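Structural overview
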Amino acid sequence: MADAKVIPFGEDRPRRRGGGARGARAVDAVAAPAQPPGPSRESGPVGLPSPVEESVEAPAGRAGGAGEWDRRIAGGLAFLRRRITGEYEVDEFGYDKELTDQVLMSLMRPLFDKYFRVEVKGVENIPKEGGALIVANHSGTLPLDGLMLQVAVHDHHPAERHLRLLAADLVFMLPGVNELARKAGHTLACAEDAQRLLEAGELVGVMPEGFKGIGKPFGERYKLQRFGRGGFVSTALRAGTPIVPCSIVGAEEIYPMIGNAKTLARLLGLPYFPLTPTFPWLGPLGAVPLPTKWTIQFGEPIPTDGYAAEAAEDPMLMFNLTDEVRERIQHTLYKLLVQRRSVFF
Amino acid sequence: MGKVVLVTGAARQLGGRFVRRVQRDPDVERVVAVDAVTPPHRLGSAEFVHADIRQSSIARVLAEYAVDTVVHLAVTGGAPGAPGGRSAVKETNVIGTMQLLGACQKSPTVRRLVVKSSTSVYGGTARDPAVFTETTQPKSLPAAGFAKEASEVEGYVRGFARRRPDVAVCVLRFANILGPFADSALAEYFSMPVVPTVLGYDPRLQFVHEDDVVEVLRLAAGEPRRGTLNSGTFNIAGDGVLLLSQCARRLGRPAVPLLLPAVTWVGQALRAVGATDFSPEQIRLLTHGRVVETAQMREVLGFRPQYTTAETFADFARSRGKGLLPPERVGRAVDRVAGLLKVDERVER
């Protein structure tokens, strides 16, 4: 993946991975939501009252690289204009595509490219279109693995698909966090939301280990915990969408959790309170994750459309499928760990 | 023989509009408008009966006019500064519904009952699914307030439907009703010069336009059209979703994020001076938001709202005059910067 790190200077989307053609397409994608929602445009003279002479003389003075910068500034201003006048759209889950593409993804990308140097494998296992459920292991004390998975799917999939993550209710209780999570396309991990997204043909990401996985002690790293009650399998069965197992290596070591202050966690209403070699001893500095090298591997999809309609109600089948998904992820984890040269390189 | 429609809550703005609209229907012979206070608006050719639905006299009204369709609109959050305050509103909502249903149960002529409810019966917490369907059970409801009353009212209506299976019962759960004439607490809230919001939360809101409300009530009060069914429970909301931050920006009123406890204090202070009704449940709406599924409304009830959520809000915003930061002016400021930098935004548009 060394080639992916080469970012030609002067590209229109500097943070975007991939070749020039991809970059050009990205501009189209960015320009598309710029079409203001028709009806709300009626609300007043929201048109473009900028003097005509200026816009006429402006393109004449441009050449080469200068024109590129002008375009970029213009794009930024158009974006700013839409944001501050509220002329953008969100879906029923509160997903703000424009903000995610232009701001939130750009914020996470340096972490993905430069800090964790994430290597992505098997991205061809994610369907080009239609619903699919990506099931991944969960680790790392803070759910950075989910965010990196979202960047991985978007930047590496040829169709630049957006992953809609299912998050714990704690995420939606915390002020600030819930706002950003909804805007980034996350929603509550419940059967209703998952099914609605899958039936709408979205790519949904779930980490069925939940707090058991993310808050497990460092000694148990890469040992998959129980996969909840397998609710994700019945949801995928009902929607008839494939399940894509996904193994993430590297996230376990970002905050090695050597202890858990249970009393403090209970007082704060948190599922666990991590004690790492640096946190909370070094204060905010302890919240800096260790720069581990990550690998995200997508496995072969498990089809679910061959089952009868009542299969989603069959507990035996549920447990079998859940175990199959779990086994696949666990095996891939071991394989990736054997191949890994070092935690940090 | 034409229908005789009885409308409760006719003195409220929405009730008045529905009374004036439904009397123009060709198959409606007579409209009886009922309220405890004299309506400030005209009711057209409808007959106004000064009756309090909390009293058993409502049964006499039903019998006297041989009413066959009852449209119960007197389930409201109460306008700010309503006479008698919150407890009177609560009594009208709960006791009034009980009395009215009791009267309907006795009446041999009643064939159809339409009840105005609200999507606030779903509550709304961090642990609820993002989109509520008609069958979603609320995770938790406030201990008091309009949401509790509305869910109690719905409980009584379900009981009535069981006891009188021959009566077609339609419960309409409306999202926040807005429009140029809206007098709800939310309309008051959006009319404040600055909009206090809860820091760290950007709720998703859905609106339904007053005109659509009147239309859907008319649809529910009449005979079902071919291929549709107008009894049961339906969510009524315009398409699409707006975030509170978007609303404030489109309205041109600056949003002032406050910490959750501070919002409660500000709410109490505003309530004390009678500026607006800032109930705990409204704070909950402004924290977690509420979005409902409207597939049933489209497919079963056969109703297509004329206004989307965004269009409803735009119509409301037009009626409220300019805020401190009108979006046009803010947009022009950006354009001026673009002009200074000699770039053309339109290239990217």
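Throughout, a residue's number is its position along its own chain's written sequence, starting from 1. As a convention, the first chain written is A and the first ligand written is 1, with the rest following in written order. Only residues with pLDDT of at least 70 get local features here, since the model is predicted, and only at 80 or more are side-chain atom pairs given and counted; chain-wide, interface and lining totals rely on the full set of residues. Side-chain descriptors were evaluated using all non-hydrogen atoms of the structure, hydrogens and water having been removed beforehand.

Our focus in this paragraph is empty space enclosed by the protein. Method remark: on a 1 Å grid restricted to protein atoms, a set of points is classed as a cavity if a 1.4 Å probe fits but cannot get out and as a pocket if it is open with protein on both sides within 12 Å along at least five of seven lines; lining residues have an atom within 4 Å of a point. Grid points are joined across faces, edges and corners, and a volume is the space filled by probe spheres set on the points. Per the stated rule, a full pass over the model turns up five cavities of 30 Å³ or more. Of the volumes computed, that of the largest cavity is approximately 190 Å³. What lines the largest cavity is a set of 19 residues, among which R182 of chain A together with T125, R204, H288 and G289 of chain B lie closest to the centre. Among the secondary structure elements, those contributing two or more residues to the lining of the largest cavity are α7 (177-183) of chain A together with α9 (280-288) of chain B. The dominant element in the lining of the largest cavity, judged by the number of residues it contributes, is α7 of chain A, at three residues. Residues of the lining of the largest cavity, tallied by class, amount to seven nonpolar, six polar and six charged. Strands are runs of DSSP state E lasting at least two residues, helices are runs of H or I lasting at least four, and both sets are numbered from the N terminus onward. Residues are grouped as follows: nonpolar covers Ala, Val, Leu, Ile, Met, Phe, Trp, Tyr, Cys and Pro; charged covers Asp, Glu, Lys and Arg; every other residue, Gly included, is treated as polar.

Let's shift gears to the pattern of salt bridges. Salt bridges are defined by distance alone: a side-chain nitrogen of Lys or Arg within 4 Å of a carboxyl oxygen of Asp or Glu. Enumeration over the complete set of coordinates arrives at 38 salt bridges over all chains. As a salt-bridge pair, E202 of chain A and R164 of chain A come within 3.7 Å of each other at their nearest N and O atoms. Separated by 38 residues along the polypeptide, E202 of chain A in the loop between α8 (191-199) and β5 (203-206) and R164 of chain A in strand β3 (residues 163-167) bring together distant segments of the chain. Between R111 of chain B and D166 of chain B there is a salt bridge whose closest N-O contact spans 3.5 Å. With a gap of 55 residues between them, R111 of chain B in the loop between α3 (85-106) and β5 (112-118) and D166 of chain B in the loop between α4 (146-163) and β6 (168-174) connect regions that are remote in the sequence. Classification of residues uses two cut-offs on accessible area relative to the type maximum, computed with a 1.4 Å probe and protein chains only: under 20% is buried, over 50% is exposed, and between them is partly exposed. Residue classification places R111 of chain B among the partly exposed residues on the basis of a relative accessible area of 43%. Overall, the relative accessible area of 42% leaves D166 of chain B in the partly exposed class. Ionic contacts of the salt-bridge type, sharing partners, join the residues R82, R83, D96 and E98 of chain A into one network.

Within 6.5 Å between ring centres, the rings of Phe, Tyr and Trp (the latter by its six-membered ring) count as paired, and their orientation is classed by plane angle as stacked under 30 degrees, edge-to-face over 60, tilted in between. Under the definition given, this model contains twelve aromatic pairs over all chains. Seen from their ring centres, F190 of chain B and F313 of chain B are 5.2 Å apart, and the 80° between their planes marks the pair as edge-to-face. Of the two residues, F190 of chain B sits in helix α5 (residues 185-190) while F313 of chain B sits in helix α11 (residues 309-319), which places them 123 residues apart along the sequence. Considered together, F190 of chain B and F313 of chain B belong to a single accessibility category, that of buried residues. The interplanar angle of 65° and the centroid separation of 6.3 Å between the aromatic rings of F190 of chain B and F316 of chain B together place this pair among those described as edge-to-face. Taken together, the residues F190 of chain B in helix α5 and F316 of chain B in helix α11 connect sequence positions 126 residues apart. With relative accessibility at 0%, the residue F190 of chain B sits in the buried group. By way of ring pairs, the aromatic residues Y189, F190, F207, F313 and F316 of chain B are connected into one cluster. As a reminder, the over-ring test applies to NZ of lysine and CZ of arginine, requiring each to be within 6 Å of the ring centre and within 35 degrees of the ring normal. Over the aromatic face of W69 of chain A sits the side chain of R72 of chain A, whose NZ or CZ is 4.6 Å from the ring centroid. A cation sits over an aromatic face here: R83 of chain A above Y88 of chain A, 3.6 Å from the ring centre.

Let us now look at the UniProt feature "domain: Phospholipid/glycerol acyltransferase" (unreviewed entry) in chain A. UniProt positions are given in the numbering used here, feature names are shortened, and annotations may be inferred rather than shown by experiment. Feature annotation in UniProt assigns "domain: Phospholipid/glycerol acyltransferase" (unreviewed entry) to the following positions: residues 132-251 of chain A. Along residues 132-251 of chain A the backbone is 39% helical and 19% strand, and the end-to-end C-alpha distance reaches 23 Å.

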